[in-house]
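An overview of the molecular structure
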Amino acid sequence: MSLSLSADQPAVPAVADDGVWLECIECGETFAPFDDVRYTCDECGGLLEVRYADLPTFDDFEGEGQGVWRYADALPFDAGVSIQEGATPLYEVPRLEDDIGVEALRIKHEGMNPTGSFKDRGMTVGVKVAKELGVGRLACASTGNTSAALAAYGSRGGMETLVLLPAGKVAAGKIAQASLHGARILEVDGNFDACLDIVQELAGRGEAYLLNSLNPFRLEGQKTIGLEILEGFLADYDTVPDRIVLPVGNAGNTSALYKAFRELVQAGALEAEDVPKLTGVQADGAAPMVEAIENGADEVRRWDDVETRATAIRIGNPVNAPKALPGIRETGGTAVSVSDEEITEAQRDLAGEGIGVEPASAASVAGLRKLRADGIVDDDERVACLTTGHLLKDPDAAAAAGSDPEPVPADTEGVLEHLQE
Ligand code: F0G
């Protein structure tokens, strides 16, 4: 069963609850959505997706809610455990647009969410589901941002949270957030992929409810990034973007955006040929998705040794690849990797337009620049780049990319003298 851009309407299975069910993307098995804790298919172990009997068009997004919850008609609930996530800016960047050389470039800055990353959009739904299921402890493996969001939304929901982080590889701002919001933090002597292996086992043994992007409900909230980008482009350019460029780690966002677009096509709100080309960017030192796209492979090879300054996407085993590979291919997109130097340069470029992002976020702009230089992106394209996390998440990287403070004496003459040097 392939995840294609089709206008076919699904048959609603008997297990559906209020028009919502879970379906395996591999074997098509269906499950009731909130009866049991379940992350993957009982039959074949495949990834699950949330499916709906009725899908909304753009006209339906005019309800009561704000931000993510403005799109309640595309979500399993009317409201979640919320800290006012979503409704992030879609910045114009005229100098960068000119410099890279595309018809239009906009930056969807997800760093402007409550905890400073797009993860909040998934957690407002995921923590709500956890409450519906009545689970005790919430847990995730994380390169940092997921742990910050889980800690904040868990505490908002009055729930216990446990986060597993790769020791020494998580940016300072993210650990500070997880800590102050009250998560129990375990520093694992291994990389992110090892942390996720452990959390999946803990979840499988009933020790915790898993809130990594393997959890299909998280991706429902993250779909709203795609809906906001489309609405923003329709308002400003009267057309949807030709391409959306985004950093890739576990490929959750890539999967979520593709799902948002598939659902719009199914609802008759978007033509399949108008769906933006999903274009993933990874760091050279952690690029298993890029490898799979370049090789035309159906499966992604797990990279055991990964390294990059963009620690948020220091991931060798993108668990959502079975959802994301069709997303990149069916939309006519591609995937590209960039060096740490190119990432830092793009971080400076964005900062030069007043937009502060963490390194992983800048990968989207670095990737666009590279694809434009290689002629893979055309000069007549309208493009949205996703910047996934705020500059203050990784203050060390920001300080290293910027200029150093200059010591001066505490008198005006001394300061003037220094300025003249
Ligand atoms: N950008 C940032 C800033 C991230 O934190 C992440 C993932 C990604 C991009 C990649 O997104 O997984 O949907 O492809 N961070 C996760 C975490 C792994 O634990 O915070 P993806």
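Fair warning: this is a prediction, and the values are worked out from it, not measured in the lab. (Residues numbered from 1 in each chain as written. Predicted model: local features only at pLDDT ≥ 70, side-chain atom pairs only at ≥ 80, totals over all residues. Heavy atoms only, no water.)

Another aspect to go through is the domain arrangement of the protein chain. Considered domain by domain, the protein chain is made up of domain 1 (90-116 + 218-401) and domain 2 (119-210). The straight-line distance from the C-alpha centre of domain 1 to that of domain 2 is 24 Å. Opposite the 31 residues of domain 1 that make contact, domain 2 presents 25 residues. For the pair domain 1 and domain 2, the summed buried area comes to about 2,200 Å², and 46% of that belongs to carbon and sulfur atoms. At the boundary of domain 1 with domain 2, the tally comes to five salt bridges. Here Arg-121 and Glu-228 are joined by a salt bridge, their closest N and O atoms 3.0 Å apart. Elements with a contribution of two residues or more to the side of domain 1 that touches domain 2: helix 6 (216-237) and helix 12 (395-401). (Domains from an automatic or database assignment. Contact = heavy atoms within 4.5 Å. Buried area = accessible area lost by both parts, 1.4 Å probe. Salt bridge = Lys/Arg side-chain N within 4 Å of Asp/Glu carboxyl O. Helix = DSSP H or I, 4+ residues; strand = E, 2+ residues; numbered from the N terminus.)

A cluster of like negative charges, contributed by Asp-404, Glu-406, Asp-411, Glu-413, Glu-417 and Glu-421, occupies part of the molecular surface. Within the secondary structure layout, Asp-411 lies in the loop between helix 12 and helix 13 (412-420). (Patch = residues over 30% accessible without salt bridge, like charges linked within 9 Å, V, L, I, M, F, W, Y side chains within 5 Å. Areas by Shrake-Rupley, 256 points an atom, 1.4 Å probe, with all protein chains shown as cover. Lys, Arg positive; Asp, Glu negative; His and termini not counted. Charge placed at Lys NZ, Arg CZ, Asp CG, Glu CD.)

Another aspect to go through is the pattern of salt bridges. Two side chains with opposite charge may pair up if their charged atoms get near one another. Tallied over the entire structure, the rule returns 31 salt bridges. Its salt-bridge partner being Glu-160, residue Arg-137 comes within 3.7 Å of it at the nearest N-O pair. A residue pair is termed long-range when its members are at least 10 positions apart, and Arg-137 in the loop between helix 2 (119-133) and strand 6 (138-141) and Glu-160 in the loop between helix 3 (145-156) and strand 7 (161-166) qualify at 23 residues. A relative accessible area of 26% means that Arg-137 is categorised as partly exposed. When the shortest N-O distance is used, the salt bridge between Asp-197 and Arg-302 registers 3.1 Å. You can see Asp-197 sitting in helix 5 (residues 192-204) and its partner Arg-302 sitting in the loop between helix 8 (288-295) and helix 9 (321-330), a full 105 residues away along the chain. The exposure class assigned to Asp-197 is partly exposed, which follows from its relative accessible area of 34%. Through salt bridges with shared partners, a single network forms among Glu-23, Glu-49, Arg-51 and Arg-262. (Buried < 20%, exposed > 50% of the residue type's maximum accessible area, 1.4 Å probe, protein only.)

With that settled, the discussion passes to the pairing of strand 6. Here strand 6 shows no split at all, with Leu-138 and Cys-140 on one side and Ala-139 and Ala-141 on the other all buried. Here strand 6 pairs with strand 7 via four bridges, running parallel. For Ala-141, the partnering residue across the bridge sits in strand 7 and is Leu-164. With helix 3 bridging strand 6 and its parallel neighbour strand 7, the resulting β-α-β unit is right-handed. Here strand 6 pairs with strand 9 (residues 209-210) via two bridges, running parallel. In the strand pairing of strand 9, Leu-138 is matched with Tyr-209. (Pairing = 2+ DSSP bridges. Right-handed = clockwise from strand over helix to strand, strands pointing away.)

Using a probe with the size of a water molecule, rolled over the atoms, empty space left in the structure can be pinpointed. Size it by volume and the largest pocket reaches roughly 440 Å³. As for the largest pocket, its lining consists of 18 residues, and the residues nearest its centre are Glu-26, Asp-298, Glu-299, Ala-321 and Pro-322. For the lining of the largest pocket, the element with the highest residue contribution is helix 9, accounting for five residues. Classifying every residue of the lining of the largest pocket by side-chain character gives nine nonpolar, five polar and four charged. Approximately 340 Å³ is the volume found for the second largest pocket. Taken together, 18 residues line the second largest pocket, and the ones lying closest to its centre are Ser-4, Asp-8, Arg-51, Arg-262 and Gln-266. Broken down by secondary-structure element, the contributors of at least two residues to the lining of the second largest pocket are strand 3 (48-52) and helix 7 (252-266). Of the residues in the lining of the second largest pocket, the class split is six nonpolar, five polar and seven charged. (1 Å grid on protein atoms, 1.4 Å probe; cavity = no way out; pocket = protein on both sides within 12 Å on 5 of 7 lines; lining within 4 Å. Points joined across faces, edges and corners; volume = space filled by probe spheres on them. Nonpolar A, V, L, I, M, F, W, Y, C, P; charged D, E, K, R; others polar.)

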